[in-house]
Amino acid sequence: MQLVFSGIQPSGVPQLGNYLGAMRNWVALQDRHDCIYCVVDLHALTTWQDPKQLAAQTREMTASLLACGIDADRHILFNQSAVHAHARLAWIFNCVARMGWLNRMTQFKDKAGKDRENVSTGLFVYPNLMAADILAYKASRVPVGDDQRQHLELANDIAQKFNHDYGVDFFPVIEPVIMGVAARVMSLRDGTKKMSKSDPSDQSRINLTDDADAIAQKIRRAKTDPHPLPEAPAGLEGRAEARNLVGIYAALADSDLAGVLAEHGGKGFGAFKEALAERLIAHLAPIAAETRRWLADPGAIDAVLRQGAARAAAIADPIVAEAERLVGLLRP
Ligand code: AQP
């Protein structure tokens, strides 16, 4: 059975894009694969996190994952910093990856923006740590949102260069698993920007913890255009905001763009937004309630993470020790 690995940053409250692009697919893969899911707190440090908040956010992210349906008994759920193999392998990959490769990463360019000289070096080498996360388990299938495709290509370049430089066939090829019609959910305020938990505007996203009123209000205020919905997907061309809302609806209804437009084409956004908000509330309310239930018992969350870390380390430690041996590091 191919091993699945994926991670999510505890850099805020998970948002609808995380859910439709990643978390929901993580749950679905549990039936057919052995899965390792990681709350990547070391990645979160690449942008400033209040130390008082980071531990709480790590527990909150874990609670959300459990609430979505991650089964921490049958699979592995843990936080990244608790398994040292990730940082050890990331250092080796820092020495394998090339500056030119990292310079091409669009997520770095987006996140650094005009402040390139002032962002952390951790943000620049983020994809090397991500490659280490996956390859420390020799995982070959990685369910992510479409925004992570480029990072996975880089992880494969790193794995291949490692294998080539050290004359081994040690790391496997990684295959991205990008699922669904909402593999890239866009901001509710700007259809050209992806929805993000760290966007300064709370109105730009649906948080998995938002209550019914907040969801309805955010959808009502979501940016659209003055035209009615088209009858077919071709009519969404050049209408990023409309495309985004129809895509979200399709994902929630287990349909596709054509199916949603067959039902709602010709309608104005008022009626469509109402139907969309209703679906979102019905879908997310049980997850929010279950998240609150977990958060009422932080000891139980910590127990899940502790058990997950021990099981993750049992897999990763021997693989990373072998990688260290292959590059010539001495373990006296
Ligand atoms: N808008 C999105 N649409 C589809 N998938 C998305 N993902 C994130 N945003 C969208 C997917 O969620 C998984 C976990 O992401 P992450 O938290 O590790 O990092 P991220 O991609 O940087 O997510 P955010 O919400 O934008 O976090 P911040 O604001 O902290 O940077 C990934 O599989 C990602 O593809």
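Here the structure is shown first, and the text comes after it.
Residues numbered from 1 in each chain as written. Predicted model: local features only at pLDDT ≥ 70, side-chain atom pairs only at ≥ 80, totals over all residues. Heavy atoms only, no water.

Student: For the overall build of the protein, give the residues involved together with the corresponding values.
Tutor: Looking only at helices and strands, the protein features 14 helices and five strands. On C-alpha atoms alone, the protein measures out to a radius of gyration of 21 Å, which is about the 20 Å that the 2.2 N^0.38 rule sets for 332 residues. Projected onto its principal axes, the C-alpha positions of the protein cover 70 × 45 × 40 Å. Pairs at least 24 residues apart make up 76% of the contacts formed inside the protein by residues separated by at least 6 positions. Of the roughly 15,000 Å² that the protein leaves accessible, carbon and sulfur atoms contribute 52%. Of the side-chain charges in the protein, 37 are positive and 39 negative, and the distance between the mean point of each set is 3 Å. (Helix = DSSP H or I, 4+ residues; strand = E, 2+ residues; numbered from the N terminus. Rg over C-alpha atoms; globule rule 2.2 N^0.38 Å. Contact = heavy atoms within 4.5 Å. Areas by Shrake-Rupley, 256 points an atom, 1.4 Å probe, with all protein chains shown as cover. Lys, Arg positive; Asp, Glu negative; His and termini not counted. Charge placed at Lys NZ, Arg CZ, Asp CG, Glu CD.)

Student: Lay out the site of the ligand with the relevant residues and their values.
Tutor: Taken together, 22 residues lie around the ligand, and Ser 11, Lys 111, Ser 196, Lys 197 and Ser 198 are the ones closest in. Within the contact set of the ligand, an oxygen atom lies 2.5 Å away from a side-chain nitrogen or oxygen of Ser 11. In the environment of the ligand, an oxygen atom lies 2.8 Å from a nitrogen or oxygen atom belonging to the backbone of Gly 145. Within the complex, the protein chains bury 98% of what would otherwise be the 640 Å² of accessible surface of the ligand. Put simply, the parts of the chain that give the shell around the ligand at least two residues each are strand E1 (3–8) and helix H1 (16–29). At four residues, H1 tops the list of elements feeding residues into the shell around the ligand. When its residues are assigned to classes, the shell around the ligand shows six nonpolar, 11 polar and five charged. (Near = heavy atom within 4 Å. Polar contact = N/O pair within 3.5 Å; in protein donor to acceptor, adjacent residues only side chain to side chain. Nonpolar A, V, L, I, M, F, W, Y, C, P; charged D, E, K, R; others polar.)

Student: So, the packing of aromatic side chains: which residues are in play, and what are the values?
Tutor: Counted under the stated rule, the structure contains 11 aromatic pairs. Residues Phe 5 and Tyr 137 carry aromatic rings whose centres are separated by 5.5 Å and whose planes lie at 15° to one another, so their mutual orientation is stacked. Taken together, the residues span a long stretch of sequence, with Phe 5 in strand E1 and Tyr 137 in the loop between helix H8 (126–135) and strand E4 (141–143) at a distance of 132 residues. Pair check on accessibility: Phe 5 and Tyr 137 agree, each one buried. Ring pairing ties together the aromatic residues Phe 93, Phe 162, Tyr 166, Phe 170 and Phe 171, which thus form one cluster. We note Lys 138 situated over the ring of Phe 170; from NZ or CZ to the ring centre the distance is 3.8 Å. The side chain of Arg 293 reaches across the aromatic face of Trp 294, ending 5.8 Å from its centre. (Phe/Tyr/Trp six-rings, centres within 6.5 Å; stacked < 30°, edge-to-face > 60°. Buried < 20%, exposed > 50% of the residue type's maximum accessible area, 1.4 Å probe, protein only. Lys NZ or Arg CZ within 6 Å of the ring centre and 35° of its normal.)

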